[in-house]
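The lines below spell out each chain.
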Amino acid sequence: MKIDSKLNHYRIVAKIGEGGMGQVYRALDETLKREVAIKVLPPALAQNPERLARLEREAQVLAQVEHANIAAIYGLEEATPEDGGSPVRLLVMQLAEGETLAARIDQGPIPVDEALAIALQIARALETAHEHGIVHRDLKPANVVLSPSDDVKLLDFGLAKAFAADSMISSSLQVSASPTMLEATQAGMIMGTAGYMSPEQARGKPVDRRADIWAFGAVLYEMLTGDRVFGGETVTDVRGAIVHREPDWKALPQETPRRIRALLQRCLRKDVDRRIQSIGDARVSIEEYLEDPVAAEAILDAGTDAVAPAGWMRWAPWGVAALLGLMWAADLRPHAGVQSAAAILRMEMTLSVDDPLFSSARSGSSMALSPNGEYVAVATGTTGTTRLHARRLDDVAFGEIAANGAYQPFFSPDSEWIGYLTNSALLKIPTSGGTAQQIATINLGRGASWAADGTIVYAPSAASASWRVSANGGEPTQLTTLDEARQDVTHRWPRVLPDGKSVLFTAHTQAGSDFNAANIDVVDMETGVRTTVHRGGSDARYLSSGHLVYANSGTLFAIPFDLDALEVVGSAVPVVQNLAYSTSSGGSQYTVSDTGVLMYRTGATVDPTYPGSWIGRQGEAEPFLTELRTYAEARVAPDGSKVAMMELTNDNWDIWVYDVGLGVRTRLTFPEGIEGPAVWSPDGTDLIFSSDRDGTDNLYRKRADGSGEIERLTDYPAALFVSDWSSDGRYVLTTRSGPEDTAEGWRAGNDIGYLDLQEDSGEVHQFLVTEFAELEAAFSPDGRWVAYQSNESGQVQIYIRPFPPAGGKWQVSDSGGAYARWSSDGRELFYRNDEGVVVVDVVTTETAFSRSRPRQLFRGDFYGGYGGLALSGGGFADYDVAPDGRFLMFPDTDAEDAPNVELAQVVVNWFEELRRLAPPR
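Reference entry: report on the structure contained in this document. (Residues numbered from 1 in each chain as written. Predicted model: local features only at pLDDT ≥ 70, side-chain atom pairs only at ≥ 80, totals over all residues. Heavy atoms only, no water.)

## Describing helix α4 (residues 112-131)
Argument step 1. Its 20 residues place the ends of α4 28 Å apart at the C-alpha level, agreeing with the 28 Å of an ideal helix rising 1.5 Å per residue.
Argument step 2. Counting buried positions over the 20 residues of α4 gives 15, a clear majority of the element.
Argument step 3. Positive backbone phi, at 80 degrees, marks Gly-133, one or two positions downstream of α4. (Helix = DSSP H or I, 4+ residues; strand = E, 2+ residues; numbered from the N terminus. Expected span 1.5 Å × (residues − 1). Buried < 20%, exposed > 50% of the residue type's maximum accessible area, 1.4 Å probe, protein only.)

And the structure:
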């Protein structure tokens, strides 16, 4: 619009701004002699009757909302420019004088009291609008105007809702060009501004007023720090950070009140159901602090100041207030019947993390208390995507300290380090956060413990003995030996005893049907002498109260134990019922500090089981495997008549073959190690599979009908996992997982290699070796291309390269993807994302590869396998594509009924209870 031109009786004075919803001008209302703001809508919107009708309805609602902190809407009109042209739609609004909050923040962080005064006015405006059913959806500093006296006017309120649509944003948009983001090909589909989107907005899911609460937290954080809570070079970067990363809580000014820190953390929870549910709660919290800061902080300060840093368990009868303060800070809620601070206290602790706690007791406890009782570490997510969080017990929020599949945390004796496992490595990281250091390679380990002399003992796999290694790294040495005379199949869950010379561990034999029949043994680390101290239990720990505790059938038992004689000296008594426990692995969900705090989770723990289904291209399902079992790495035979799958029984993976037509299942391998994954030969007669039956995963071959002997194909020092077999029968793709081998040119981690079966040498040739993790490679049907996944961009994506190795690389996925699969004719490439299955059309020639943009083929809750989707790059694949184009997948039938696994039970002063129930000598 030209300056000094007119639209109806509004004379344009100056241009104020421009965004995705149009251009904004200062104008003079010559009828009422007042200045107003005029927003001219984009032409595409002005021509869309449905959008305009929605806008009119929204404007009518907003016109009924009167609040001092909301810029009022005066009217919605149509006008023809003086210089001609098509009629335009314009919104006439109250003119808010002053600078925007964005301009104020550009000058630097805002002092706490000043920021809270501004935030309080924003909260009041949001609360009034929410009461009228209006959601802003684009709250950001640029939409907040401050008068010279810091009175707030909130702009563009509710207009985003009028244009809301389900389409996703083009990831090619730059953050700087994204004030209010629009779909690139369809104007008016407003999703919000990248830096202030809630996780549900970033994922393209429906939103409600809780999206405004997230944005409110993001704006308050930015006022206090001067920086956005999540940044990035592109919209895709920002959206990825919002969905996957945690805010940098250390960036908040040191003087930020703990009450306000807690408020921010509750506003910025990624789980919408765990976020503050009403902006009124935020308003009240800020009002109470501003009215009386001392009183508002008192209960939190009591929890901090009254508890000695070296141990929060030293209670006195007058320490009840201090305990209650700590319970408030740690989200602890006492059960009824708490009598005094000196008594045994039972509480529930809400572990406020964005992802659900890692629920698989198969892989050990997802919680760990530090020996000094000051810290707790938790693993969250699902197998392959787990992350590690830690916090002080007197703090109010967790901070993420490790990702990439981190689970099973354990502390160093001085509580300064946290050890943890991934599917392929044993690592450590400072408790306060920092850089992780790899200590040893493993393969789905089963437990680790840290001795006072710096030795870590661990079980490197589900079918191994126990080993030991220096916490500083070095060459691991074997600690125990699987005894054939005892029918040992695994030694796991090792715990170093206080003498530093002996290790407690669980020994399972073939004689027992599950880990309820396992033995608890002790081994002398100097002599190797091994003694059974108890029969019938697993996951044992020695406590300084003089007790041995262990799990059996979902119950935690305690029995007095003589540490000098290394023998039990009494009878076992049950001390915790309904403990989360896995009979197939012996793992359980409990942790105990040296200060006498017990933390555990309840609920029967079983291995994940899912039905198998054939899924059509539109998402329609047809039952296939109705028997609930734990499946992984489903591979459909080339003719579609059979399916080879890994199946879990008593913590042991074996390969089974299913006849699709007859409905008959045949076991191909038996418990000599972890067997799988497996891939079919082109003619469907043979299977090549991975197995650690001889200690390290190598490749083996066997007839698919079960006849004949197993043939070993490789004898390789690092782990090899098969991923595909070429259609001409000559080449086999494999993931090489292991340490760096400078002599052979391999790097540490996951890389892709291949075998040439015509050579008959077992040599692993290099296909792709980089500093990143590459795996799950798949041949195209003509054998000239390989699809694989890599985390080279910081997010796991699907790529294509030619085979044999040559120049050229093409990225296929655009917002994360895993487990590439080709259609039988090679014209389509499929992969998994968080929503379901994505498809890409491909065109190939002898030397070139081209593809279409990815499109979501169908959505659904599909997990199955062991590890689920694992977009971080780990775990097992959980689907395959049949020759007829159907997908073999595993619908998560229990997704809506999943229990609340974030709730932990805490018992304070637990050693007193143990001494009463099972008096030690």
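## A look at the pairing of strand β45 (residues 719-725)
Argument step 1. Buried residues dominate β45, accounting for 6 of its 7 residues.
Argument step 2. Of the strand pairs in this sheet, β45 and strand β46 (residues 731-738) are connected by 6 bridges, and their pairing is antiparallel. For Trp-725, the partnering residue across the bridge sits in β46 and is Val-732.
Argument step 3. The loop that links β45 with its antiparallel partner β46 comprises 5 residues; one of these, Gly-729, has a positive phi angle of about 80 degrees. (Pairing = 2+ DSSP bridges.)

## A look at the sheet that holds strand β42 (residues 686-691)
Argument step 1. Ordered by their spatial adjacency, 4 strands build an open sheet running β41-β42-β43-β44, and the pairing between neighbours is antiparallel. One side of each edge strand has no neighbouring strand; the edge strands of this open sheet are β41 (675-680) and β44 (711-712).
Argument step 2. Summarising the sheet, β41 and β42 pair through 4 bridges and their orientation is antiparallel. Residue pairing across strands places Ala-678 opposite Phe-689, the latter belonging to β42.

## Re unusual backbone geometry
Argument step 1. Omega for the peptide link from Gly-676 to Pro-677 comes to 5 degrees, which places this bond in the cis form.
Argument step 2. Along the chain, Pro-677 falls in strand β41.
Argument step 3. Phe-803 connects to Pro-804 through a cis peptide bond whose omega is -5 degrees.
Argument step 4. A positive phi angle is found at Ser-553, which is not glycine, with a value near 55 degrees.
Argument step 5. Secondary-structure assignment places Ser-553 in the loop between β29 (547-552) and β30 (555-562).
Argument step 6. Ser-553 gets classed as partly exposed once you look at its relative accessible area, which sits at 47%.

## Some points on the pairing of strand β50 (residues 785-790)
Argument step 1. β50 sits mainly inside the fold: 6 of its 6 residues count as buried.
Argument step 2. Side chains Trp-785, Ala-787 and Gln-789 of β50 all project onto a buried face; the interleaved residues Val-786, Tyr-788 and Ser-790 project onto the opposite face, where all are buried too.
Argument step 3. Pairing geometry for strand β49 (residues 774-779) and β50, over 4 bridges, is antiparallel. Looking at the pairing, Glu-774 lines up with Ser-790 of β50.
Argument step 4. Pairing analysis gives 6 bridges linking β50 to strand β51 (residues 797-802), with the strands arranged antiparallel. Counterpart to Tyr-788 in the pairing with β51 is Tyr-799.
Argument step 5. Between β50 and β51, which follow one another and run antiparallel, lie 6 residues, and Gly-794 among them has a positive phi close to 95 degrees.

## Things to note about the packing of α4 against helix α7 (residues 209-225)
Argument step 1. Contact pair α4 / α7: the axes reach a minimum separation of 10 Å and the direction vectors enclose 165 degrees. Judged by the angle between their axes, α4 and α7 are roughly antiparallel. Taken as a pair, α4 and α7 cross one another with a handedness that is right-handed. Facing Val-112, Ala-115, Leu-116, Ile-118, Ala-119, Ile-122, Ala-123, Leu-126 and His-130 of α4, the residues of α7 in contact are Arg-209, Asp-212, Phe-216, Val-219, Leu-220, Met-223 and Leu-224.
Argument step 2. Taken together, the residues that form the contact of α4 with α7 break down as 13 nonpolar, 1 polar and 2 charged. (Axes fitted to C-alpha atoms, helices over the stretch in contact; angles between N-to-C directions. Parallel < 35°, antiparallel > 145°, perpendicular 65-115°, else oblique. Left-handed = near helix turned anticlockwise from the far one by under 90°. Contact = heavy atoms within 4.5 Å. Nonpolar A, V, L, I, M, F, W, Y, C, P; charged D, E, K, R; others polar.)

## Section: helix α9 (residues 258-267)
Argument step 1. The element α9 is largely enclosed, with a buried count of 8 among its 10 residues.
Argument step 2. Listed as buried for α9 are Arg-258, Arg-259, Ile-260, Ala-262, Leu-263, Leu-264, Gln-265 and Cys-267.

## Remarks on the sheet that holds strand β52 (residues 810-811)
Argument step 1. Strand order in the open sheet formed by 4 strands is β49-β50-β51-β52, with antiparallel pairing between adjacent strands. With partners counted over all chains shown, the strands left at the sheet margins are β49 and β52, one partner each.
Argument step 2. The pairing of β51 with β52 spans 2 bridges and is classified as antiparallel. From the neighbouring strand, Ile-800 faces β52, where its bridge partner is Trp-810.

## With respect to the pattern of salt bridges
Argument step 1. Under the definition given, this model contains 41 salt bridges.
Argument step 2. In this structure, Glu-287 and Arg-283 form a salt bridge, with 2.9 Å as the shortest nitrogen-oxygen distance. Taken together, the positions of Glu-287 and Arg-283, both in helix α10 (residues 279-291) and 4 residues apart, correspond to about one turn of that helix.
Argument step 3. The buried category is assigned to Glu-287, whose relative accessible area is 17%. (Salt bridge = Lys/Arg side-chain N within 4 Å of Asp/Glu carboxyl O.)

## Looking at the environment of Ser-813
Argument step 1. With respect to the helices and strands, Ser-813 occurs in the loop between β52 and β53 (818-822).
Argument step 2. In this structure Ser-813 comes out as buried when scored by relative accessible area, which is 2%.
Argument step 3. Not counting residues up to four positions away in its chain, the partners in contact with Ser-813 are Gln-797, Ile-798, Tyr-831 and Pro-854.
Argument step 4. A polar contact of 2.8 Å, which involves the side chain of Ser-813, links it to the backbone nitrogen of Ile-798. (Polar contact = N/O pair within 3.5 Å; in protein donor to acceptor, adjacent residues only side chain to side chain.)

Everything listed here is a matter of coordinates, which is why it stays silent on function.
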